[in-house]
Structure formats: C-alpha cells, structure tokens
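Geometric and topological summary
Each chain is listed here by its residues.
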Amino acid sequence: MSFTREVGRTTRVMLASVAAFPSVFRSRDSRRDFGVQLYKTGIGTLPVVTVVSLFTGMILALQVGLELRRFNQEIYLGAAVMITLIREMAPFSCGMCLAACVGSAIAAELGTMAVNDEIAALEIMSIPPIRFLAAPRLLALVVMAPVLAFFCCVVGTLGGGVVGATQLGVNFEQYMASAMSIADVKDLATGLAKAVVFGLVIGTVSVAQGLGTSLGATGVGRATQRSVIISFLLILMLGYMITRVCYQ
Amino acid sequence: MSLVVFENVKKQFSGRKVLDGLSFEIEKGEILALVGPSGTGKSVTLKHIVRLLEPDEGRVLVDGVDVSACSRRELEAIRSRVGYLFQSGALLAWMTVEENVALPLRECTGLSEDEIDRRVAAALDAVELADAADKYPAEISGGMQKRAGLARAIVRESDVILYDEPTSGLDPVTSITIHRLIKKLNRELGITSVVVTHDLQGALGFTDRLLLVKDGRAVECSAPAEFAASTNPVVREFLAAMKGEL
Ligand SMILES: Nc1ncnc2c1ncn2[C@@H]1O[C@H](COP(=O)(O)OP(=O)(O)OP(=O)(O)O)[C@@H](O)[C@H]1O
Ligand SMILES: [Mg+2]
C-alpha cells in the first residue's frame, strides 16, 4: 500500500517536473539557476567520473586482453573495450557517479529545506517547488548524463588503450582502429539514451525523496540514503531492460 | 464577520494528539496573540490556516471557504492574501537577504524592478536590517534571520500576516521595535495579524485579544485586560509561570 503510494508520488513528481521544463528558460533568474545546476552536475562530478571511467576502461582491457591473448586475438581488444563501454559501462558507471554525487546532494538539500519549512514558505508564496526546485535540477541531470556518458566512453577507451600498449603489447594505433571500426550509431544512440533515462530516474528519485522528507535531521539522512539506493537499483534494472529491448 | 474560523479541529501525528477539538475565531483587522506552553501545537495551528497541514476532523474556514475542501485555485487565492513568518525563518540559503525578501514580489506580482527595490528597502529598514541586505542567511545571526523572514512576510502587505514567534531570540529593544511594527501595519493598513509568542508581557501590551491554547484546546480567548484578570485556573497558572520566569 505505502509502496504503491510512493511509486505514485514519485511518478507524479516526474511528470510535473518534466512538464515544468519550459519554465526553466522563462526568466533571467531561472536561467541563471539552471546554469548553476548544469555546472554542479557536469563540472562538479568531472573529477570522479574521469577516475571512474579511466579505471573502468583499464580493468576491462586487462581482463578481456588476458583472455584474448590466450587465443592470439589481441587485435580485437579495442573493439571489445569500446563495445562494452559504449553499450553498457559508460552509462552505467556515470549513472552510479551521478546518483552518488548529485542525487544524494539533491535529496539532502531539498530534505533540509523541507524540514526547515523552506518548502512550505515557497508554497505560501505560490511558488511551486516543482517548478522552482525540481525542474532545473532534473533537466540538468537529463542534459548532463549523456554528455558525461560520452566523456566516460572516450576516457575509458583511452585508458584501455594505455593498458593494452603497456601491458598486453597491443599497438595503440591498432587498438584505436579496432575500437573505431566497431562503434556504430545504434550503439552510441542506445548508450546515450540509457544515460538520459538514468539521469531522469536519478533526478526524479532524489527530488521525490527530498521533498517528502519529514522528522528532522534523521529524516534528511534517511531520504539521502534511500535516494542513492533506489537510484542504484533502478539503474541496474532499467539498464538490463533497455539492453533487452534494443538488442534482442 | 470572522476572517478565520476553527471549528472543532483535531489533528494527530502518528497517534499523538496535538490539536484536540480546537475552536476559535479571528476577526478581520485585529491582532490576535496565540500563547501557550511549548509543544501545544501553536505552529501547527498556524499551518492549518493555509493548508500546510490538514485537520483530521473539523474545519478551518478562511473568509467562509473551507480550506481543506477548496479547489487549488481558491487555495492559491487564499495563500496570496497571507504573509507568513515561519518559526525557523525559512530563508533560502543560496539567496542574499535582499533576494529572499524580494522573492514573493518577483515571483507573484507584476511590479517593476524599481518598485520592488523600493519596497524591499522599506521592509528591510522596518526590521533594521538594511546593513545586512547583501549577506547570505548563513552569514547572519539567528535573530537577524528571523527579522529577514519577517521582512519577507510583510513585504507584500498582505491582508493577513501570520507571525510565528517574531521576537524569539531578539533583545528586548528590538522586540519592542518589532511589536510596534506589527501594530503599525495593523493600524495603518488594516492587516489582520496572528502572533504566536512566548512574550506574554509584550503580548498583553500590543495585541487586541489573546488566545491561550493548552493540550490542543482553546482555554481562554479575551482582551488583554480581561485575560490578565481572568479567574480561569489554567490562565492564572500560565500567568504566574510567565511572571516567575521574568
Ligand atoms: N510535521 C510533523 N510531523 C510530526 N509531528 C509534528 C509535526 N509538526 C508538529 N509536530 C508535533 O506537534 C507538536 C506541536 O508542535 P508545534 O510546533 O505546533 O508546537 P508549538 O506550540 O509551536 O511549540 P513551540 O512554542 O516550541 O514552537 C509537537 O509535539 C511536534 O512534535
Ligand atoms: Mg512553534
């Protein structure tokens, strides 16, 4: 019962926020606020995303490369790393980073506002929190998630190439040629679409958790924790489902 | 006609009764003080007036409209007539004091920037906060945050202003300034005012009526002179305790 109510509330938050996207560009103040959110979401997470994607690519190259070497097929290392990154690992790891870095911060910020009556104050002033707070944050995630996923793919592929060249004896140019030959538009499109969906999910979950916070500091802690856990689970499940729909 | 009517309002939070059959009326144009021990539901009562909370039982009428049964549009209309000072101040952390005070004007009125600047400056002057206009809430003291919240509540010159402890955490001199300001807004603009306060002495001096709430019910509601002379044992006890504290 409370589960279905929670799902209903979260869905309503998503629909209302998406419907409020145009208002993000309406006034100078709201555009400035959107800029701040874009910066926090994109530039703010760049260091973490860079390290995560670099190591994702390096681990992939090492694991796959060792297996390929047994069959003398190292020339396909680039293709293997690229295909895994572009289809799955880039949107997945950047989704995880965004949920941990940005989603948690949104839930904590809005949660604190809720327990301090700041959300109530907005409602009294007839400023809908969905338009004023949720829409810019959600849109920033939806815009930045695919950008970061693309970046993640590039950095991961380069990281894999360095491991290939230094530890597996794969020529870097050969590696890149193999990587570029396999990547096609459909893979890129699905990968980026996944990232968009993840951005939407992370934003919706953390906004809904934040706005629904009650019971003081404990409530803020719980909202933050739940936003991260729910986002992680949904990223995994939706990732699988999108792959199934697109590749089967 | 009464502007706000509470009819036998009951409210509980996870099994704990906070309001237990609260009934009282607020007349148009008066200053009503809402007093009572900490935790009796004074803030909860104020929140019911603008449907930030809804009663489990009973009704709250504003200008004859049942706030928990009215449409979204009617609610917006009611809220647009109300200024609200929250107990916590409830300023937005990423805006300066000036921007916070200007927010209700920028977002809900079509006033020009010049007019907004003028009104914001006047409101900040009235709460003696002109020097802190460019500071962020985290950079000013609790009492200053309270006064900034007060400036935001009064800047729209709404028909009704709800003040949740406007003078808590303020020194006696500033408190008197705030009391005078509330009285002035009431006398000059006819703003109906509800003031939650622990400063009983102050309240006896500047309000038209006092309402004592205890255990979720209205115990006494009368003009200051009658209130001070009341023979109701709960009121006597409350008055004695307050005097003892001073
Ligand atoms: N949103 C809420 N959820 C659960 N309990 C609440 C909520 N709001 C208020 N309460 C409870 O209702 C009771 C009354 O709270 P309220 O804030 O109205 O007290 P108060 O009379 O304003 O006290 P004070 O003078 O200390 O401000 C408290 O016990 C509080 O814990
Ligand atoms: Mg209170």
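From a predicted model like this one, the values you see are computed outputs, not experimental measurements.

Residue and element names in this part refer to chain B. Between its first and last C-alpha, helix 4 (residues 113-126) extends 20 Å over 14 residues, near the 20 Å set by a 1.5 Å rise per residue. Listed as buried for helix 4 are I116, V120, A123 and L124. Summarising the axial view, the buried residues of helix 4 lie within an arc of 95 degrees, below the 170-degree limit, and thus occupy one face. Of the exposed residues in helix 4, those oriented more than 90 degrees away from the buried face are D114 and D125. Its buried side turned inward, helix 4 meets helix 3 (97-108) and helix 5 (142-154). Looking one or two residues beyond helix 4, the residue adopting positive phi is E128, at roughly 60 degrees.

Residues and elements named next belong to chain B. As a structural note, the neighbourhood of ligand 1 is formed by 13 residues, with S38, G39, K42, S43 and Q87 the closest of them. Separating an oxygen atom of ligand 1 from a backbone N or O atom of G39 is a distance of 2.8 Å. Within the contact set of ligand 1, an oxygen atom lies 3.0 Å away from a backbone nitrogen or oxygen of G41. Protein contact buries 67% of the 630 Å² of open area that ligand 1 shows by itself. Here the shell around ligand 1 is built from residues that sort into three nonpolar, seven polar and three charged.

Residues and elements named next belong to chain B. As paired elements, strand 1 (residues 2-13) and strand 2 (residues 16-27) share nine bridges and run antiparallel to each other. Following the sheet pairing, K11 is matched in strand 2 by L19. Two successive antiparallel strands, strand 1 and strand 2, enclose a turn made up of two residues, where S14 displays a positive phi of approximately 35 degrees. Direction of pairing for strand 1 relative to strand 4 (residues 57-62): antiparallel, over a ladder of five bridges. From the neighbouring strand, V5 faces strand 4, where its bridge partner is L61.

A few words now on the coordination of the magnesium ion (ligand 2). Donor atoms from the polypeptide that bind the magnesium ion (ligand 2) are S43 of chain B (OG) and Q87 of chain B (OE1), placed at 2.0 to 2.1 Å. In this pair, S43 of chain B sits in helix 1 (residues 42-49) while Q87 of chain B sits in the loop between strand 6 (82-85) and helix 3, placing the two residues 44 residues apart along the sequence.

Turning next to the domain arrangement of chain B. All names here are of chain B. The domain architecture assigned to chain B consists of domain 1 (17-81 + 159-246) and domain 2 (95-157). With centres defined by C-alpha atoms, the gap from domain 1 to domain 2 works out at 24 Å. The interface is formed by 18 residues belonging to domain 1 together with 11 residues belonging to domain 2. Connecting domain 1 to domain 2 are zero salt bridges. Between the two partners, domain 1 and domain 2, sit two residue pairs in polar contact (both at pLDDT 80 or more). Elements supplying a minimum of two residues to the side of domain 1 that touches domain 2: helix 2 (72-80), strand 7 (160-164) and helix 6 (172-189). No other element matches helix 6, which puts six residues into the side of domain 1 that touches domain 2. Of the residues in the side of domain 1 that touches domain 2, the class split is nine nonpolar, five polar and four charged.

Tallying each qualifying case throughout the model produces five aromatic pairs over all chains. Relative to F24 of chain B, the ring of F6 of chain B has its centre 4.6 Å away and its plane inclined at 15 degrees; by these criteria the two rings are stacked. Here F6 of chain B is found in strand 1, whereas its partner F24 of chain B is found in strand 2, with 18 residues between them in sequence. A single burial state applies to F6 of chain B and to F24 of chain B, both of which are buried. Seen from their ring centres, Y84 of chain B and F86 of chain B are 4.0 Å apart, and the 10 degrees between their planes marks the pair as stacked. Of the two residues, Y84 of chain B and F86 of chain B, neither departs from the other in class, the shared state being buried. Looking at R137 of chain A, its charged tip hangs above the ring of W94 of chain B, at a distance of 5.9 Å from the centre.

Calculation criteria
- Residues numbered from 1 in each chain as written.
- Chains lettered and ligands numbered in written order.
- Predicted model: local features only at pLDDT ≥ 70, side-chain atom pairs only at ≥ 80, totals over all residues.
- Heavy atoms only, no water.
- Helix = DSSP H or I, 4+ residues; strand = E, 2+ residues; numbered from the N terminus.
- Expected span 1.5 Å × (residues − 1).
- Buried < 20%, exposed > 50% of the residue type's maximum accessible area, 1.4 Å probe, protein only.
- Arc of directions from axis to C-beta.
- Contact = heavy atoms within 4.5 Å.
- Near = heavy atom within 4 Å.
- Polar contact = N/O pair within 3.5 Å; in protein donor to acceptor, adjacent residues only side chain to side chain.
- Areas by Shrake-Rupley, 256 points an atom, 1.4 Å probe, with all protein chains shown as cover.
- Nonpolar A, V, L, I, M, F, W, Y, C, P; charged D, E, K, R; others polar.
- Pairing = 2+ DSSP bridges.
- Donors = N, O, S within 2.8 Å, 3.2 Å for Na, K, Ca; no water.
- Domains from an automatic or database assignment.
- Salt bridge = Lys/Arg side-chain N within 4 Å of Asp/Glu carboxyl O.
- Phe/Tyr/Trp six-rings, centres within 6.5 Å; stacked < 30°, edge-to-face > 60°.
- Lys NZ or Arg CZ within 6 Å of the ring centre and 35° of its normal.

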